[in-house]
Amino acid sequence: FQVLGSSGKLYTCYSSCHFCTCPAFGFTVLQKSESLLCKHILAVYLSQALGACQELTVSEEQLTNILLAEEEDEG
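Just so it is clear, the model here is predicted, and its values are computed rather than measured.

## Thoughts on the overall build of the protein chain
The helix and strand tally for the protein chain stands at three helices and three strands. What you see in the protein chain, going N to C, is helices and strands ordered as β-β-β-α-α-α. Dimensions of the protein chain, computed from the C-alpha atoms along their principal axes, are close to 35 × 35 × 25 Å. Long-range pairs, those at least 24 residues apart, make up 35% of the contacts in the protein chain between residues at least 6 apart in sequence.

Structural data, given as structure tokens:
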């Protein structure tokens, strides 16, 4: 899932493995173990429960471009 953060940045959430690409997830969930999830993963779970997700089908090439764009943002 892609979730638009409050800063306007898109974050990718992998609900199948409970992971988000946002800095808060990396710090509070992975490093400090202070939380079980970030607000982006919570938004995914809530939107799924409410049936409010917008599902888009993307090609393998489009998915590759999405993931590569995230790596560029991080580096």
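## Thoughts on a nonpolar patch on the surface
On the surface, a nonpolar cluster with roughly 610 Å² of combined accessible area is contributed by Tyr-14, Phe-19, Leu-30, Leu-56, Val-58, Leu-63 and Leu-67. Residue placement: Leu-30 occurs in helix H1 (residues 23-31). Since its relative accessible area comes to 51%, Leu-30 is described here as exposed.

## Some points on helix H2 (residues 39-50)
Given a rise of 1.5 Å per residue, 12 residues ought to cover 16 Å, and the 16 Å separating the end C-alpha atoms of H2 matches this to within 8%. Among all positions of H2, only His-40, Ile-41, Val-44 and Ser-47 are buried. Viewed end-on, H2 has its buried residues packed into an arc of 125°, placing them on one side of the element. Those residues of H2 that are exposed and angled more than 90 degrees off the buried face are Lys-39, Ala-49 and Leu-50. Just downstream of H2 lies Gly-51, where phi reads positive at about 70°.

## Notes on the nonpolar core
Judged by nonpolar contacts, Val-3, Tyr-11, Cys-13, Cys-20, Cys-22, Phe-25, Val-29, Cys-38, Ile-41 and Val-44 together constitute the single largest core of 10 residues. Elements supplying a minimum of two residues to this core: strand S2 (10-14), H1 and H2. Aside from chain neighbours lying at most four places away, what touches Val-29 is Ala-24, Ser-35, Leu-36, Leu-37 and Cys-38.

## Details of the pattern of salt bridges
Counted by the stated rule, this structure contains one salt bridge. Between Glu-34 and Lys-32 there is a salt bridge, with the nearest N and O atoms lying 3.3 Å from each other. A relative accessible area of 55% places Glu-34 in the exposed class.

Cut-offs applied
- Every chain's residues receive numbers from 1 upward, in the order its sequence appears when written.
- For this predicted model, a pLDDT threshold of at least 70 governs which residues receive local features, and a threshold of 80 or more governs which side-chain atom pairs are given and counted, while totals over whole chains, interfaces and linings are taken from all residues.
- Side-chain calculation: all heavy atoms of the structure are included, whereas hydrogens and water are not.
- Each helix is a run of DSSP H or I of at least 4 residues and each strand a run of E of at least 2, with the numbering of both proceeding from the N terminus.
- Pairs of residues are marked as contacts when any of their non-hydrogen atoms sit within 4.5 Å.
- Two distance rules govern patches: like charges are joined within 9 Å, and nonpolar side chains (Val, Leu, Ile, Met, Phe, Trp, Tyr) within 5 Å, applied only to residues with over 30% relative accessible area and no salt bridge.
- All accessibility values rest on the Shrake-Rupley procedure with a 1.4 Å probe; residue burial counts only the protein chains present in the view.
- Every case where a carboxyl oxygen of Asp or Glu lies within 4 Å of a side-chain nitrogen of Lys or Arg is listed as a salt bridge.
- Exposed residues in this analysis have more than 50% of their type's maximum accessible area, buried residues have under 20%, and partly exposed residues fall in between, with area computed by a 1.4 Å probe over protein chains only.
- Here the expected length of a helix is defined as 1.5 Å per residue gap, with one fewer gap than residues.
- Taken from the helix axis, the directions to the C-beta atoms give the arc we talk about.
- Buried Ala, Val, Leu, Ile, Met, Phe, Trp, Tyr and Cys residues form a nonpolar core when they are joined through side-chain atoms within 4.5 Å.

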